[in-house]
Amino acid sequence: MFAVTAPRGVAVPVGRAASLASKRRIVAAPSRVTQARRASSVDVTARAAGTIRKVTKDELEEVMKDRSTPLVIDFFATWCGPCVLLAGELEKVKAELGDSVRIVKVDTDEETALSTQLQIQGLPTLVFVGTDTEKPALRTEGMLPAEMVKSIIANEM
């Protein structure tokens, strides 16, 4: 029989002879580390939002109707490390370019139907929608520095 230290420092038998009740105690009692991680992920999500607006599927359809300025759509997830880094880069782009570009975010965990419809598989995914209705939208996956995003907006849209 083996023993595992439970989150509260109590040795609990684990193995064939262990009862289901003792196994439940291990699973049911979240550690302080787990609670701290949950709290910090909420903080990261709040910080990532910044001046860039998070939109739903219906709001995205409304935003896309206006083609007067280039639009950058950031498909992200709160648990995705590169997505959090990209959020900071997009904040820099928005600060530098101001109203000459619109940037919105779509949480793929909250908008699963939209993510499936658009075949969003890798995160972060950026979609660049230009002012010319004849040109197709550009799509990239992965982390891009602010300079590269500005270059795409300036040269491709």
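Residues numbered from 1 in each chain as written. Predicted model: local features only at pLDDT ≥ 70, side-chain atom pairs only at ≥ 80, totals over all residues. Heavy atoms only, no water.

J.: Describe the confidence of the model for the protein, listing the residues and the values that go with them.
T.: This prediction gives the protein a mean pLDDT of 80; 68% of its residues lie at or above 70. Within the model, pLDDT remains below 50 along residues 1–6, and this stretch shows 13 contacts once partners closer than five positions in the same chain are excluded. (pLDDT = per-residue confidence, 0-100. Contact = heavy atoms within 4.5 Å.)

J.: Report on the side chain of threonine 69, specifying residues and quantitative values.
T.: Looking at the secondary structure, you find threonine 69 in the loop between helix 3 (57–65) and strand 4 (71–76). Side-chain polar atoms of threonine 69 contact the side chain of arginine 102, separated by 2.9 Å. Threonine 69 has contacts with Asp99, Ser100, Arg102 and Thr131, leaving out every residue within four places of it along the chain. (Helix = DSSP H or I, 4+ residues; strand = E, 2+ residues; numbered from the N terminus. Polar contact = N/O pair within 3.5 Å; in protein donor to acceptor, adjacent residues only side chain to side chain.)

J.: Talk me through the pairing of strand 6 (residues 125–129); I want residue IDs and the actual numbers.
T.: Taking burial as the measure, the 5 residues of strand 6 include 5 buried ones, the bulk of the element. The alternating pattern of strand 6 places Thr125, Val127 and Val129 on one face and Leu126 and Phe128 on the opposite face, and all of these are buried. As judged from the 5 bridges shared by strand 4 and strand 6, these two strands associate in the antiparallel manner. Bridge assignment links phenylalanine 75 to a residue of strand 6, and that residue is threonine 125. Across 4 bridges, the pairing between strand 6 and strand 7 (residues 138–141) is antiparallel. Along strand 7, the bridge assignment pairs valine 127 with arginine 139. (Buried < 20%, exposed > 50% of the residue type's maximum accessible area, 1.4 Å probe, protein only. Pairing = 2+ DSSP bridges.)

J.: Quick rundown of the packing of helix 4 (residues 81–97) against helix 6 (residues 146–156)? Include the residues and the values.
T.: In the contact formed by helix 4 and helix 6, the axes pass within 8 Å of each other and the chain directions differ by 50°. Viewed along their axes, helix 4 and helix 6 adopt a mutual orientation that is oblique. The crossing of helix 4 and helix 6 is right-handed. Here Glu89, Leu90, Lys92, Val93, Glu96 and Leu97 of helix 4 come into contact with helix 6, specifically with Ala146, Val149, Lys150 and Ile153. Of the residues assigned to the contact of helix 4 with helix 6, the class counts are 6 nonpolar, no polar and 4 charged. (Axes fitted to C-alpha atoms, helices over the stretch in contact; angles between N-to-C directions. Parallel < 35°, antiparallel > 145°, perpendicular 65-115°, else oblique. Left-handed = near helix turned anticlockwise from the far one by under 90°. Nonpolar A, V, L, I, M, F, W, Y, C, P; charged D, E, K, R; others polar.)

J.: So what's going on with the sheet that holds strand 7? Residues and values would help.
T.: Taken in spatial order, the 5 strands line up as 3-5-4-6-7 in an open sheet, and their pairing is mixed. Sheet topology places strand 3 (53–54) and strand 7 at the edges, where each strand pairs with a single neighbour. Of the strands in this sheet, strand 3, strand 4, strand 5 (102–107) and strand 6 are in contact with helix 3, which crosses strand 4 at around 160°. Across the face of the sheet, helix 6 comes into contact with strand 4, strand 6 and strand 7 while running at roughly 25° to strand 6.

J.: Can you break down the pattern of salt bridges residue by residue, with the values?
T.: This model, assessed by the stated rule, comprises 9 salt bridges. Residues glutamate 110 and lysine 54 are paired through a salt bridge, measuring 3.1 Å at the closest nitrogen-oxygen approach. Placement of glutamate 110 in the loop between strand 5 and helix 5 (112–117) and of lysine 54 in strand 3 is noted, with a sequence separation of 56 residues between them. Overall, glutamate 110 belongs to the exposed group, its relative accessible area being 51%. Lysine 54 gets classed as partly exposed once you look at its relative accessible area, which sits at 37%. Connected via shared salt-bridge partners are Lys54, Asp107 and Glu110. (Salt bridge = Lys/Arg side-chain N within 4 Å of Asp/Glu carboxyl O.)

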